[in-house]
Amino acid sequence: MKFIDEATVVVQAGNGGRGCVSFRRERFIPKGGPDGGDGGNGGDVIMAATAHKRTLYDFRFRKHFEAQNGAAGQSSRKTGRDGEDLIIPVPVGTIVSNAETGEILKDLTADGETFTIAKGGRGGQGNTRFKTATHRTPRFAQPGEPGETLTLKLDLKLIADVGIMGFPNAGKSTLISAMSSARPKVADYPFTTLSPNLGVVKHPWGEPFVVADIPGLIEGAHTGAGLGIRFLRHIERTRLLVHLIDAAAVDPDTPLSRHAAINRELARYSEHLAAKPQIVVLNKMDIAGADVAAELFQMAAGGLPFLTISAAAGTGIDRLIKTIALRLNQPDI
Ligand SMILES: Nc1nc2c(ncn2[C@@H]2O[C@H](COP(=O)(O)OP(=O)(O)OP(=O)(O)O)[C@@H](O)[C@H]2O)c(=O)[nH]1
Ligand SMILES: [Mg+2]
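Residues numbered from 1 in each chain as written. Chains lettered and ligands numbered in written order. Predicted model: local features only at pLDDT ≥ 70, side-chain atom pairs only at ≥ 80, totals over all residues. Heavy atoms only, no water.

**Student:** Can you lay out the sheet that holds strand E2 (residues 45-50) for me, pointing to particular residues and giving the numbers?
**Tutor:** Read from one edge of the open sheet, 3 strands run E4-E2-E7, paired in mixed fashion. Pairing within the sheet leaves two strands with one partner each, and these edge strands are strand E4 (86-91) and strand E7 (114-118). Neighbour to neighbour, the strand axes of the sheet diverge by 30 degrees on average, direction disregarded. In this sheet, E4 lies alongside E2 in parallel orientation, the contact comprising 6 bridges. The partner of Val45 across the bridge, within E4, is Leu86. (Pairing = 2+ DSSP bridges. Helix = DSSP H or I, 4+ residues; strand = E, 2+ residues; numbered from the N terminus. Axes fitted to C-alpha atoms, helices over the stretch in contact; angles between N-to-C directions.)

Structure below.
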């Protein structure tokens, strides 16, 4: 299924049912009073965040959502049936805004969270309600109120604690596989990952945390190179970034160049993202020569802390998870 993170939809709440105009007709009661019932209320349109959905894919095919109208009132003071609410399931992390004004109406961040986005119209009052001492035979009733109609923009921004980012082929997907039960595709060519993956990391140092693996970044990503910066929005809400570097690709002459290039792309996309705390990790330490590359990196880095791992062999993963867990426990992030 394609990863879709934007959609525009129209939602229409149900109209209220008409109030009824009716008079009692019974034998031996020649002038029965008014007995028209009220119309039922229109159904609401409700958005519900669910962990079962990962993308806004469904909205490519269905863009119009209508809740049920309320039924008209009836004689004998019978109130019309209320229209049924319409519940629209969306993935956790969906930001709902008014497509016309751009105003953010709701950010659905938790599984099971719901929000009434369009209110159904109230049912009209039947003529029974308009009877007064001086006006005993009201021949009118209220129409139902119309339900709200809105054009909505849906924007998905995944919710994860930690984002893994780096060049294509750095081993990001291998790492998320090593840390969690997520099993994204891993392959020896750039741009294997075409959409973000989420994984839950359970560990003995505290609460589980959620990691996101996004498609690789390259130099010039901010101008649209590679897959561009399109997916960076999915690590905007993380608290911590893992900056993954392929040790085998470290240039001995300029060991920090690739690390700096990624940070430049981040900063061009958003200062906010560039300011997030990073844990720098050198991967593929099992490859011959990686230890030399790590030493050069260390000398050039001048005190910048980093960890070394082999995501493929599983070495250093526990230490990385522990470092992340302890960092997430700190109050400053
Ligand atoms: N030797 C070795 N190879 C690794 C290690 N981690 C990943 N690889 C290999 O590196 C290649 C790329 O790994 P991926 O996990 O797909 O890399 P990625 O960063 O997700 O790549 P994109 O999705 O294209 O951005 C694969 O062939 C992996 O098997 C490692 O620790 N050691
Ligand atoms: Mg990948």
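**Student:** Any details on the coordination of the magnesium ion (ligand 2)? Residues and values, ideally.
**Tutor:** Each angle at a metal carrying four tetrahedral donors should ideally be 109.5 degrees, and each at a metal carrying six octahedral donors should ideally be 90 or 180 degrees. Note on the magnesium ion (ligand 2): its protein donors are Ser173 (OG) and Thr193 (OG1). The metal-donor distances range over 2.0 to 2.1 Å. Residue Ser173 is located in helix H1 (residues 172-179), and its partner Thr193 is located in the loop between H1 and strand E10 (197-201); the two are separated by 20 residues in the primary sequence. Taking relative accessible area as the criterion, Ser173 reaches 7% and is therefore assigned buried. (Donors = N, O, S within 2.8 Å, 3.2 Å for Na, K, Ca; no water. Buried < 20%, exposed > 50% of the residue type's maximum accessible area, 1.4 Å probe, protein only.)

**Student:** Pulling in residues and values, what's your account of the site of ligand 1?
**Tutor:** Neighbouring residues of ligand 1: 24 residues in total, closest Lys172, Thr174, Phe191, Thr193 and Asp286. Within the backbone of Gly171, one N or O atom sits 2.9 Å away from an oxygen atom of ligand 1. Lys284 places a side-chain nitrogen or oxygen 3.0 Å from an oxygen atom of ligand 1. Expressed as a share of its isolated accessible area of 650 Å², the protein-covered part of ligand 1 is 88%. With 3 residues, the top contributor of residues to the shell around ligand 1 is H1. Looking at the shell around ligand 1 residue by residue, the class counts come to 11 nonpolar, 9 polar and 4 charged. (Near = heavy atom within 4 Å. Polar contact = N/O pair within 3.5 Å; in protein donor to acceptor, adjacent residues only side chain to side chain. Areas by Shrake-Rupley, 256 points an atom, 1.4 Å probe, with all protein chains shown as cover. Nonpolar A, V, L, I, M, F, W, Y, C, P; charged D, E, K, R; others polar.)

**Student:** Quick one: what's the story with unusual backbone geometry, residue by residue and with numbers?
**Tutor:** Across the chain, the bulk of peptide bonds are trans and the bulk of non-glycine residues have phi less than zero. Backbone geometry at Ser76 places phi at a positive 60 degrees, although glycine is not the residue there. Positionally, Ser76 belongs in the loop between strand E3 (64-66) and E4. Here Phe191, not a glycine, exhibits a phi torsion of approximately 60 degrees, which is positive. For Phe191, the position within the fold is in the loop between H1 and E10.

Any functional reading would require information that these geometric values do not contain.
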